[in-house]
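Architecture and fold: a report
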Amino acid sequence: MTRVALITGGQQGIGLGIARALHAAGFRIAICADHPVDSPEVQAVCKELGAEYFTHDLNTLGGEAEVVSAVENTLGPITCYVSNAGVPALVRDDMLEMRAESFDHVLSVNLRGAFFLAQAVARRMLAVPSDPYRSLHFITSVSAAMASVERAEYCMSKAAAAMMSQLYAARLAGAGIGVFDIRPGIIDTAMTAAVKEAYDAKIADGLVPAGRWGQPADVGQVVAALAGGAFAYATGTVIPVDGGLSVQQL
């Protein structure tokens, strides 16, 4: 039976790394984002992976059930959902200077929008049983547990998303649907480009035990392994993908 993966923000960065890994594992790929369908990023991933693209803005509630139906009408039942799309703080600054606009923007996308799209997917999975192993993957961050006072709204959104993953794991375990919290560390993407020089120096000084930046493919390989079902009984697991960054050391 066809396995279908829906990935939010799968046209770039970590999401694209996940899309490539799942495609290589035999999944048909659906990408969901608020980019124009004719944007270079969307067109490139559709051509490379034979992906189908569906427009959905996580910042605006409504239409979640419709986009899930559109994916299933085009490709078949969703067997793997990856909640990956997210936004950073509007401005990296002292948390004492944070503005409500940045807080609202980050929480609206990273938590509220992410929750309700996952809810629509979970409802459909429960309503339409399927033979292939099914799973939800929340791409949170090491920032769910590691504080960065210059982007407090991002850290809070990821900490809440980590609890969201635990809640979905508890709710869906009885139906055999696996749920995982994937926590990337310092990953080389457009989102981190503005701080690349600073993190280059920190990594050189030993911040990351693995001694290098993470790549989107590093995250993709983990998601693809989990989506295959070999870790089904480990539902609810938190998996850092950070080269040892979050390991506590003396």
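Presented here is an overview of the structure given in this document.

What counts as what
- Residues numbered from 1 in each chain as written.
- Predicted model: local features only at pLDDT ≥ 70, side-chain atom pairs only at ≥ 80, totals over all residues.
- Heavy atoms only, no water.
- Buried < 20%, exposed > 50% of the residue type's maximum accessible area, 1.4 Å probe, protein only.
- Helix = DSSP H or I, 4+ residues; strand = E, 2+ residues; numbered from the N terminus.
- Pairing = 2+ DSSP bridges.
- Salt bridge = Lys/Arg side-chain N within 4 Å of Asp/Glu carboxyl O.
- Axes fitted to C-alpha atoms, helices over the stretch in contact; angles between N-to-C directions.
- Parallel < 35°, antiparallel > 145°, perpendicular 65-115°, else oblique.
- Left-handed = near helix turned anticlockwise from the far one by under 90°.
- Contact = heavy atoms within 4.5 Å.
- Nonpolar A, V, L, I, M, F, W, Y, C, P; charged D, E, K, R; others polar.

**Concerning the pairing of strand 4 (residues 80-83)**
- Of the two faces of strand 4, the one carrying Cys 80 and Val 82 and the one carrying Tyr 81 and Ser 83 are both buried.
- By the bridge criterion, 4 bridges tie strand 4 to strand 5 (residues 134-139) in an arrangement that is parallel. If you follow Val 82 over to strand 5, its bridge partner there is His 137.

**A word on the pattern of salt bridges**
- Counted according to the given criterion, the structure contains 7 salt bridges.
- Among the ionic pairs, Arg 99 bridges to Glu 101, the shortest N-O distance being 3.5 Å.
- With relative accessibility at 57%, the residue Arg 99 sits in the exposed group.
- The partly exposed category is assigned to Glu 101, whose relative accessible area is 46%.
- The salt bridge involving Asp 200 is made with Lys 196; its shortest N-O contact spans 3.3 Å. Of the two residues, Asp 200 and Lys 196 both sit in helix 6 (residues 196-204), 4 residues apart, roughly one turn of that helix.
- We classify Asp 200 as partly exposed; its relative accessible area is 33%.
- The exposure class of Lys 196 is partly exposed, given its relative accessible area of 32%.

**Some remarks on the packing of helix 1 (residues 13-24) against helix 2 (residues 40-49)**
- One way to put it is that helix 1 packs onto helix 2 with a least axis distance of 11 Å and a crossing angle of 15 degrees. When the axis of helix 1 is compared with that of helix 2, the two are roughly parallel. In the crossing of helix 1 with helix 2, the sense of the turn from one axis to the other is right-handed. Where helix 1 abuts helix 2, its residues Leu 16, Ala 19, Arg 20 and His 23 lie against Val 45, Glu 48 and Leu 49.
- Here the residues of the contact of helix 1 with helix 2 sort into 4 nonpolar, 1 polar and 2 charged.

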